[in-house]
Each structure stands twice: as structure tokens, then as C-alpha cells.
Amino acid sequence: MAVNNATHFIGHLTATPELRATAEGKEICSFSIGVDRGWGERKRAIFPRLVAFGKTAKFVSTLPKGTEISVKCEYDIREYEKDGKKQQSHEFTVIDLKAHRSAPPADTQPAFSTPAQPQFEELGADDPLPF
């Protein structure tokens, strides 16, 4: 599928997405992700609103808050009326979504650790190489 209006994001789910259905019974899941923008003192986070449908909606609804995902989206402006005034909503409709890793629970230690300094064993001139 060729999409000329494509945007890519990599970020973390800001909340556990909830699956719901449209009036026609189609699965839909709206969610947001936190994405870093800029660097140094100008670094800040943005929180784009995303919407997924069908199998993608079902999949993303199984992911916990904090999961890192990458998404390819199509940007859209949805117009609606509220209290007699015309409003606009800026949304990104998910075309493709990949989950990278889940955030560990806050009360657990990582499953691996990297030593601060490499550990080397000194070999003598006559010692065999370890590989």
C-alpha cells in the first residue's frame, strides 16, 4: 500500500490502551505515546494521539503502559461540532505498529547488568588463547 502522507514515531505508551468498538462493531483503540523531540536544553516530549483499527487495535490493546513501540501513521484532521462550534482534532491513524520492549515493573531489577569496567584476565606469554 503506497502512502504519501506517512509519519513515523518511536515512543512509549503513556497508558495501557483500551479496546472498544465503533457503532458498526469495528474494533478501535485510541492511545498516545511519549516521543522525545530535540536534544540538550531544547529536548522535550511530545504526545501524539494515535488510533488503530481491527487486528492492530486488538494487538496494541494487549500492550502495557511503558511499552516502546514504533508506528507508521497517516496524519488526518477530523472535524466535528461541539456546543454548536466547529472543532478540529489532529490524529494519526496507524498503518503499521511494532512493539519493541516492555518497561519492567517499577519494583524489579533489570534482568541483566553491564559492569562499569570490562573484566579482563591477564594471560602469560605461554598461555593458550581462550577462543
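Model, not experiment: these values are computed from the prediction.

K.L.:
Could you clarify how one ought to interpret the overall build of the chain in this entry?
P.N.:
Within the chain, the secondary structure is distributed over one helix and seven strands. Among the 131 residues that make up the chain, the fraction classed as buried is 25%. Sequence-distant contacts, at least 24 apart, represent 55% of the contacts inside the chain between residues at least 6 apart. Accessible area for the chain stands at about 10,500 Å²; split by element, carbon and sulfur atoms hold 51% of it.

K.L.:
Is there a simple way to explain the side chain of S32 in this structure?
P.N.:
Note on placement: S32 falls in strand β3 (residues 27–37). A relative accessible area of 13% places S32 in the buried class. When near neighbours in sequence (up to four residues on either side) are disregarded, S32 contacts H12, L13, T14, F47, P48 and R49.

K.L.:
So what exactly am I meant to see when it comes to the pattern of salt bridges here?
P.N.:
Pairs may arise between side chains of opposite charge once their charged atoms sit close together. Scanning the model with the defined rule gives four salt bridges in all. Of the charged contacts, one joins K58 and E27 as a salt bridge, the two residues approaching to 3.6 Å between their closest N and O atoms. On the criterion of sequence distance, the pair formed by K58 in helix α1 (residues 54–60) and E27 in strand β3 is long-range, its members being 31 residues apart. A relative accessible area of 43% means that K58 is categorised as partly exposed.

K.L.:
Would you take a moment to explain unusual backbone geometry for this structure?
P.N.:
The backbone of D83 sits at a positive phi, close to 55°, despite the residue not being glycine. For D83, the location among the structural elements is in the loop between β6 (68–82) and β7 (85–101).

K.L.:
Got a minute to help me understand the confidence of the model for the chain in this structure?
P.N.:
Within the chain, residue pLDDT values average 83, and 79% of them lie at 70 or more. No element of the chain has a lower mean pLDDT than β7, which averages 91, and none a higher one than α1, which averages 95. Per-residue pLDDT stays below 50 along residues 110–116; that stretch engages in zero contacts with residues further than four places along the chain or on separate chains.

K.L.:
So what exactly am I meant to see when it comes to the pairing of β7 here?
P.N.:
Pairing of strand β5 (residues 49–53) with β7, which is carried by two bridges, proceeds in the parallel orientation. Bridge assignment links V51 to a residue of β7, and that residue is T93. Note: β6 against β7, 15 bridges, orientation antiparallel. Paired with Y75 across the strands is F92, a residue of β7. In this structure, the hairpin formed by β6 and β7 is closed by a connection of two residues, where D83 is found at a positive phi of approximately 55°.

K.L.:
Explain the pairing of β6 here, please?
P.N.:
Here is the key point about a regular strand: its side chains alternate between the two faces of the sheet. When strand β1 (residues 7–13) meets β6, the two strands line up antiparallel, connected through six bridges. Directly across from I10, in β6, lies its bridge partner S70.

K.L.:
Can you walk me through the environment of S70 in this structure?
P.N.:
Inspection of the secondary structure puts S70 in strand β6. On the accessibility criterion, S70 (16% relative accessible area) is buried. Once the C-alpha coordinates of S70 and L97 are considered, the two residues, 27 residues apart in sequence, prove to be 5.8 Å apart. Contact partners of S70, with chain neighbours within four places excluded, come to F9, I10, D96, L97, K98 and H100. A distance of 2.9 Å separates the side chain of S70 from the side chain of H100, its partner in a polar contact.

Reading guide: rules and limits
- Chains are numbered independently. Their residues run from 1 in the order of the written sequence.
- Where totals are concerned, whole chains, interfaces and linings use all residues; where local detail is concerned, this predicted model gives features only for residues with pLDDT of at least 70, and gives and counts side-chain atom pairs only at 80 or more.
- To get the side-chain values, take all heavy atoms of the structure and skip hydrogens and water.
- Secondary structure counts use DSSP, requiring at least four H or I residues in a row for a helix and at least two E residues in a row for a strand, with both numbered from the N terminus.
- Throughout, exposure labels follow a simple rule: accessible area from a 1.4 Å probe, protein chains only, divided by the maximum for the residue type, with under 20% read as buried, over 50% as exposed, and the rest as partly exposed.
- Residue contacts are counted whenever heavy atoms from the two residues lie within 4.5 Å of one another.
- Only the protein chains shown count as cover for residues, and all accessible areas are computed by the Shrake-Rupley method using a 1.4 Å probe.
- What counts as a salt bridge is simple: a side-chain nitrogen of Lys or Arg found within 4 Å of a carboxyl oxygen of Asp or Glu.
- A residue's pLDDT is the predictor's confidence in that residue, given on a scale from 0 to 100.
- The pairing criterion is simple: DSSP has to find at least two bridges between the two strands.
- The term polar contact refers here to a pair of N or O atoms within 3.5 Å; inside protein, the definition further demands a hydrogen-donor-capable atom paired with an acceptor-capable atom, and it admits residues adjacent in sequence only when both atoms are side-chain atoms.

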